[in-house]
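Understanding the architecture of this molecule
Listed here are the chains, written in short residue letters.
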Amino acid sequence: MRVVIANDYEDLSSRAAMIVAGQVCIKPKSVLGLATGSTPTRMYNKLVEMHKSASLDFSSVVSFNLDEYIGLLPEDEQSYHWYMNKNFFEHVNISKDNIHIPNGISKNIAEECQKYDQAIQACGGIDLQILGIGNNGHIGFNEPDLKFEATTHKVELDLDTIYANSRFFKNANDVPRYAISMGIKTIMQAKKILLLVNGQNKAEAIFKTIFNEITPEIPASILQLHQDVTVIVEKEAAMYLEGKIA
Ligand code: PGA
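Because the structure is predicted, anything quoted here is derived from the model rather than measured.

So, on to the environment of Thr186. By the secondary structure assignment, Thr186 is in helix H6 (residues 184-188). Judged by its relative accessible area of 6%, Thr186 is buried. Spatially, the C-alpha atoms of Thr186 and Thr215 are 17 Å apart, while their sequence positions differ by 29 residues. Apart from the residues lying within four places of it in its own chain, the contact partners of Thr186 are Asp117, Ile120, Ala150, Thr151 and Thr152.

Here we have seven strands laid out as an open sheet, ordered E1-E10-E9-E6-E2-E3-E5, and parallel in their pairing. Only two strands of the sheet have a single partner each, and these edge strands are strand E1 (2-6) and strand E5 (99-100). Bridge count between strand E2 (residues 31-34) and strand E3 (residues 62-65): four bridges; the pairing is parallel. In the sheet register, Gly33 faces E3, and the bridge partner there is Phe64.

Quick look at the site of the ligand now. The ligand sits among Gly37, Ser38, Thr39, Gly132, Ile133, Gly134, His138, Arg167 and Lys202. Within the side chain of Thr39, one N or O atom sits 2.5 Å away from an oxygen atom of the ligand. Side-chain polar atom of Lys202 to an oxygen atom of the ligand: 2.6 Å apart, as the coordinates give it. Computed on the free molecule, the ligand has an accessible area of 280 Å², of which 86% lies beneath the protein chains in the complex. The class makeup of the residues in the shell around the ligand is one nonpolar, six polar and two charged.

Turning to the packing of helix H2 (residues 41-54) against helix H3 (residues 80-87), a few remarks are in order. Closest axis-to-axis distance for the H2/H3 pair is 9 Å, and the angle between their directions is 40 degrees. Of the residues in H3, those in contact with Thr41, Tyr44 and Val48 of H2 are Tyr83, Met84 and Asn87. Of the residues that constitute the contact of H2 with H3, the class distribution is four nonpolar, two polar and no charged.

The subject of this paragraph is the side chain of Ser30. Mapping Ser30 onto the fold places it in the loop between helix H1 (9-26) and E2. A distance of 2.6 Å separates the side chain of Ser30 from the backbone oxygen of Lys27, its partner in a polar contact. Look past the residues within four positions of Ser30 in its chain and what remains in contact with it is Gln23, Val24, Ser60, Val61, Val62 and Asp127.

Moving on to the nonpolar core. Ranked by internal contacts, the top residues of the largest apolar core, which has 60 residues, are Val20, Met43, Leu47, Phe58, Phe88, Leu223 and Val233. For this core, the element with the highest residue contribution is H1, accounting for six residues. With near-sequence residues (within four places) excluded, Leu47 lies in contact with Ala17, Val20, Ala21, Leu56, Phe58 and Phe88. Phe141, Val155, Phe169 and Ala179 belong to the second largest nonpolar core, which has ten residues in total.

It is worth spelling out the sheet that holds strand E8 (residues 178-181) at this point. Read from one edge to the other, the open sheet built from three strands follows the order E4-E8-E7, with strand pairing classed as antiparallel. Each edge of the open sheet carries a strand with a single partner, namely strand E4 (67-69) and strand E7 (153-156). For this sheet the average axis-to-axis angle between neighbouring strands, irrespective of direction, equals 25 degrees. Pairing geometry for E7 and E8, over four bridges, is antiparallel. Residue pairing in the sheet places Lys154 in a bridge with Ile180 of E8.

Glancing now at the environment of Asp145. In this fold, Asp145 is placed in the loop between strand E6 (128-131) and E7. Residues Asp145 and Asp117, 28 residues apart in the sequence, show an inter-C-alpha distance of 21 Å. Ignoring any residue separated from it by four or fewer positions in sequence, one finds Asp145 in contact with Pro216 and Glu217.

Another aspect to go through is the packing of H1 against H2. Between H1 and H2, whose axes approach to 8 Å, the crossing angle comes to 55 degrees. One finds that H1 runs oblique with respect to H2. In this structure, H1 crosses over H2, and the sense of that crossing is right-handed. Contacts between H1 and H2 involve Tyr9, Glu10, Ser13, Ser14, Ala16, Ala17, Met18, Val20 and Ala21 from the first element and Thr41, Arg42, Met43, Lys46, Leu47 and Met50 from the second. Its residues placed into classes, the contact of H1 with H2 shows nine nonpolar, three polar and three charged.

What counts, and where the lines are drawn
- Residues numbered from 1 in each chain as written.
- Predicted model: local features only at pLDDT ≥ 70, side-chain atom pairs only at ≥ 80, totals over all residues.
- Heavy atoms only, no water.
- Helix = DSSP H or I, 4+ residues; strand = E, 2+ residues; numbered from the N terminus.
- Buried < 20%, exposed > 50% of the residue type's maximum accessible area, 1.4 Å probe, protein only.
- Contact = heavy atoms within 4.5 Å.
- Pairing = 2+ DSSP bridges.
- Near = heavy atom within 4 Å.
- Polar contact = N/O pair within 3.5 Å; in protein donor to acceptor, adjacent residues only side chain to side chain.
- Areas by Shrake-Rupley, 256 points an atom, 1.4 Å probe, with all protein chains shown as cover.
- Nonpolar A, V, L, I, M, F, W, Y, C, P; charged D, E, K, R; others polar.
- Axes fitted to C-alpha atoms, helices over the stretch in contact; angles between N-to-C directions.
- Core = buried A, V, L, I, M, F, W, Y, C linked by side-chain atoms within 4.5 Å.
- Parallel < 35°, antiparallel > 145°, perpendicular 65-115°, else oblique.
- Left-handed = near helix turned anticlockwise from the far one by under 90°.

These results come straight from atomic positions and should not be treated as a statement about function.
Next comes the structure, spelled out in structure tokens:
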């Protein structure tokens, strides 16, 4: 893993945006794996700025989001559809036909999951996958478990995740209990991975991701096996990494 320590959230976001922009410049038809949550928000703002000021072109980009809550309509302000539209898609020239987000209101979730993986395969796989990390070491909504789930699947959210994400809802009872998430194999098949880690509350999770033995109980630890992972860690999140990485 290539670990970069950023001075602050702004620095993390600039570096992340530059990596995504570089990917899109080098390969305009890139397949991007996209993440939601508070961490990548500023990175999306910066990509929008680059689109407006420097004509960064997303017209040929294809995107696949990592996850979506089950039961929220796309126009629900807490859905990841809404997050992506408001923070990114509405402001750049990505083609609507090229956007993929799991359908959390599908009547047949198992079929939705299977079709999602097939669509990723049909596009040749993901070129650059952006990831955040949960306090519990989850990536996407792959929660700590006794085994890794390979493909896109229905997940029961961890209490930890429900509590962490309740800040976006009126209260914890409103947080959906289930979600659809890309699986670990799908994520690991991405050609490049960019993991963004912000805030002191992620310090333990990123320490374990890098230094723990690989275990499904810390889902992000599997990234140790990927050959091209860049981790951008903001200074406070990197508090346990000091003196441990070159
Ligand atoms: P956050 O979430 O960016 O809102 O901290 C990341 C995650 O849970 O994967």
